[in-house]
Amino acid sequence: MLIPTLILVSIVVGVLRGGSLRHFADLPLRWIPLIVASFALQLLLFTPFRRQPLISVAVEPLYIVSMLMAIVWVARNWHIPGMPLIALGLLMNTVAIVANGGHMPVSAASAAYAGKIGNFAAGADVSNNSQLADASQVHLWVLTDIIPLPSWFPLANVFSIGDVLLVIGIMFLCYQTVRHTPPATQPVGV
């Protein structure tokens, strides 16, 4: 929940600095159905209010497919401010997930520190897209969920470097979009 909150803050700051939400309508996004399908697939795999996915077969490959769909969408929208950071964060997360069998590894200590260890059912090492793992079992450790916020921090969780880049890129995209001033129209004959 911290990520949506930060994105909302960037939008509010943009509005307070004279921007308008109407500018989102002018955002020249391409292939919107692809990113909607990617998010929809992830929601079916990692339903926020259920321990078990709505789609329970081939979860890991489908998750990777959804990430690849998002990467293609970002590539098609490279011209939008913030997309290079979003692409880098998304690519880092996808590489970590693929290298670790379709889940994002997190250490039990980090999950406990962030107050998220309860998300893992008794004896289970997988919760949504996260998997408890020792550093010795993890491939490309630096790309995995290694940045825990303490449990006393509002909306604490464990994040990857890719998550941080994604959020900064999305916040930049939202802020720049809200603050965008359309170019003045040129008078005819000038």
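Please refer to the structure placed before this passage.
Residues numbered from 1 in each chain as written. Predicted model: local features only at pLDDT ≥ 70, side-chain atom pairs only at ≥ 80, totals over all residues. Heavy atoms only, no water.

Peer 1: Tell me about the overall build of the protein chain, residues and numbers included.
Peer 2: Helix and strand content of the protein chain: six helices and five strands. Counting from the amino terminus, helix and strand elements in the protein chain follow one another as α-α-α-α-β-α-β-β-β-β-α. Projecting the C-alpha coordinates of the protein chain onto the three principal axes gives extents of approximately 75 × 35 × 30 Å. Per-residue burial over the protein chain gives 37% buried out of 190 residues. Considering only contacts in the protein chain between residues 6 or more positions apart, those separated by 24 or more positions represent 68%. One way to put it: in the protein chain the 8 positive side-chain charges average out to a point 17 Å from where the 6 negative ones average out. (Helix = DSSP H or I, 4+ residues; strand = E, 2+ residues; numbered from the N terminus. Buried < 20%, exposed > 50% of the residue type's maximum accessible area, 1.4 Å probe, protein only. Contact = heavy atoms within 4.5 Å. Lys, Arg positive; Asp, Glu negative; His and termini not counted. Charge placed at Lys NZ, Arg CZ, Asp CG, Glu CD.)

Peer 1: So what about the sheet that holds strand 2 (residues 126-127)? Which residues, and what values?
Peer 2: Strands in a sheet are paired, the pairing made by backbone hydrogen bonds, and the direction either parallel or antiparallel. If you trace the three strands from one edge of the open sheet to the other, you get 1-3-2, paired in mixed fashion. A strand with exactly one partner marks an edge of an open sheet, and here the two such strands are strand 1 (104-106) and strand 2. Inspection of the sheet shows strand 1 paired to strand 3 (residues 130-132) by three bridges, in the parallel sense. For proline 105, the partnering residue across the bridge sits in strand 3 and is glutamine 131. (Pairing = 2+ DSSP bridges.)

Peer 1: Outline the nonpolar core, supporting the account with residue identities and numerical values.
Peer 2: Core analysis: the largest hydrophobic core is formed by 29 residues, its most contacted members being Val74, Met83 and Leu173. Secondary structure elements with two or more residues in this core: helix 1 (2-16), helix 2 (32-45), helix 3 (59-76), helix 4 (83-99) and helix 6 (161-179). Residues in contact with methionine 83, not counting those within four places in the same chain, are Trp73, Val74, Asn77, Trp78 and Leu173. One finds Ala114, Phe120, Leu132 and Val158 within the second-largest nonpolar core, a separate group that totals six residues. (Core = buried A, V, L, I, M, F, W, Y, C linked by side-chain atoms within 4.5 Å.)

Peer 1: Before we move on, could you go through the packing of aromatic side chains and cite the residues and values that matter?
Peer 2: According to the stated counting rule, one finds two aromatic pairs in the structure shown. Relative to tyrosine 63, the ring of phenylalanine 46 lies with its centre 4.8 Å away and its plane at 85°, an arrangement referred to as edge-to-face. One end of the pair, phenylalanine 46, is in the loop between helix 2 and helix 3; the other, tyrosine 63, is in helix 3, with 17 residues separating them in the sequence. The exposure class of phenylalanine 46 is buried, given its relative accessible area of 12%. Taken together, a centroid distance of 6.1 Å and an interplanar angle of 65° make the contact between tryptophan 152 and phenylalanine 153 edge-to-face. We classify tryptophan 152 as exposed; its relative accessible area is 69%. (Phe/Tyr/Trp six-rings, centres within 6.5 Å; stacked < 30°, edge-to-face > 60°.)

Peer 1: I'd love a proper account of the packing of helix 1 against helix 6, names of residues and values included.
Peer 2: Their axes nearest at 8 Å, the elements helix 1 and helix 6 cross at an angle of 25°. Here helix 1 lies roughly parallel to helix 6, going by the angle between them. When you trace helix 1 past helix 6, the crossing you get is right-handed. Residues Ile3, Leu6, Ile7, Ser10, Ile11, Val13, Gly14 and Val15 of helix 1 form the contact with helix 6, whose own contacting residues are Val167, Ile170, Met171, Cys174, Tyr175, Val178 and Arg179. Residue composition of the contact of helix 1 with helix 6, grouped by class: twelve nonpolar, two polar and one charged. (Axes fitted to C-alpha atoms, helices over the stretch in contact; angles between N-to-C directions. Parallel < 35°, antiparallel > 145°, perpendicular 65-115°, else oblique. Left-handed = near helix turned anticlockwise from the far one by under 90°. Nonpolar A, V, L, I, M, F, W, Y, C, P; charged D, E, K, R; others polar.)

Peer 1: So what's going on with a nonpolar patch on the surface? Which residues, and what values?
Peer 2: A cluster of nonpolar side chains, namely Leu85, Ile147, Val164 and Ile168, defines an oily patch on the protein surface of about 270 Å² accessible area. Checked against the element boundaries, isoleucine 168 lands in helix 6. Owing to a relative accessible area of 42%, isoleucine 168 belongs among the partly exposed residues under this scheme. (Patch = residues over 30% accessible without salt bridge, like charges linked within 9 Å, V, L, I, M, F, W, Y side chains within 5 Å. Areas by Shrake-Rupley, 256 points an atom, 1.4 Å probe, with all protein chains shown as cover. Salt bridge = Lys/Arg side-chain N within 4 Å of Asp/Glu carboxyl O.)

Peer 1: An account of helix 1 is requested, with residue identities and associated values reported.
Peer 2: Taking 1.5 Å per residue, 15 residues should reach 21 Å; helix 1 reaches 21 Å between its end C-alpha atoms and fits that length. Along its buried surface, helix 1 packs onto strand 5 (158-159) and helix 6. (Expected span 1.5 Å × (residues − 1).)

Peer 1: Can you break down the packing of helix 4 against helix 6 residue by residue, with the values?
Peer 2: Where helix 4 meets helix 6, the closest approach of the two axes is 7 Å, and the angle between their N-to-C directions is 160°. Here helix 4 is positioned roughly antiparallel relative to helix 6, judged by the angle of their axes. For the element pair helix 4 and helix 6, the recorded crossing hand is left-handed. Listed contacts from helix 6 to Met83, Leu85, Ile86, Leu88, Gly89, Leu90, Met92 and Asn93 of helix 4 are Ile161, Gly162, Asp163, Leu165, Leu166, Ile168, Gly169, Ile170 and Leu173. By residue class, the composition of the contact of helix 4 with helix 6 is twelve nonpolar, four polar and one charged.

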